[in-house]
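# What the coordinates show
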Amino acid sequence: MTPAYSLAIDVSNYTGNLTPGQIMAWKEAGIKRVIVRASIESEIKKAIARQQCEMVAQVGLELHVYGWPYLYEPLAVQIKAHCDLVYGLPVKRYWLDLEDNAVIWDATQMVAKIREAVEAATLPVGLYTTAFWWQRWTGNSAEFASLPLYYAHYDGDPTFADYVPFGGWVEP
């Protein structure tokens, strides 16, 4: 079975503020969804992320956000801050981005920390990760297989031809 997917674009504070014109151009090019990084490291980054989300909502594209938590800081506090940043906006999903290699826990502890983060979210949650990271740092846990997977792969091919099931996810 070939997974269904839609064209999306990922933006962060490095993209800067967005204009309705930019987002309309994406929409005309077939982009269906914008995934905004919920940056909370500074007031400037928070303002940019909030502005990006507001512009996406204004134009009417599907809005998702992702948070890149720092694994050496309390995850639940960060996840709540990510969700609070977009309070009141029509966010369809919060993606917990798990790619950081600064892991300081064993697999059992990492799974517990992910559980804590998922439970702290005030938005519907999905996990954004790679097979390599997941297998290495969670011991390939299937505990979260009921959550949607945003499969991170960086091969330049916009298909999932390289996908091999991991973590209980049969398809991306």
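Scroll up to find the structure.
Below you will find a few notes about this structure. This is a predicted model, so every value here is computed, not measured. (Residues numbered from 1 in each chain as written. Predicted model: local features only at pLDDT ≥ 70, side-chain atom pairs only at ≥ 80, totals over all residues. Heavy atoms only, no water.)

## Some thoughts on the pairing of strand β2 (residues 33-37)
The side chains of a regular strand alternate, residue by residue, between the two faces of the sheet. Among the five residues in β2, four count as buried, and that is most of the element. Pairing of β2 with strand β3 (residues 62-67), which is carried by five bridges, proceeds in the parallel orientation. Within the sheet, the bridge partner assigned to Arg33 lies in β3 and is Glu62. With helix α2 (residues 43-59) bridging β2 and the parallel β3, this β-α-β connection has right-handed handedness. (Buried < 20%, exposed > 50% of the residue type's maximum accessible area, 1.4 Å probe, protein only. Helix = DSSP H or I, 4+ residues; strand = E, 2+ residues; numbered from the N terminus. Pairing = 2+ DSSP bridges. Right-handed = clockwise from strand over helix to strand, strands pointing away.)

## Some details on the packing of aromatic side chains
Enumeration over the complete set of coordinates arrives at eleven aromatic pairs. A centroid spacing of 6.0 Å and a plane angle of 85 degrees characterise the contact between Trp134 and Phe144, whose relative ring orientation is edge-to-face. With Trp134 in helix α5 (residues 131-138) and Phe144 in the loop between α5 and β6 (149-151), this pair connects stretches of sequence that are ten residues apart. A relative accessible area of 0% places Trp134 in the buried class. Each ring, one from Tyr151 and one from Tyr163, has its centre 4.9 Å from the other, and the planes form 85 degrees; the classification is edge-to-face. Placement of Tyr151 in strand β6 and of Tyr163 in the segment after β6 is noted, with a sequence separation of twelve residues between them. Taking relative accessible area as the criterion, Tyr163 reaches 11% and is therefore assigned buried. (Phe/Tyr/Trp six-rings, centres within 6.5 Å; stacked < 30°, edge-to-face > 60°.)

## Quick look at the side chain of Gln52
Within the secondary structure layout, Gln52 lies in helix α2. For Gln52, a relative accessible area of 0% translates into the label buried. A polar contact of 2.8 Å, which involves the side chain of Gln52, links it to the backbone oxygen of Gly16. If we skip the residues at most four places from it in the chain, Gln52 touches Val11, Ser12, Asn13, Thr15, Gly16, Leu18 and Val36. (Polar contact = N/O pair within 3.5 Å; in protein donor to acceptor, adjacent residues only side chain to side chain. Contact = heavy atoms within 4.5 Å.)

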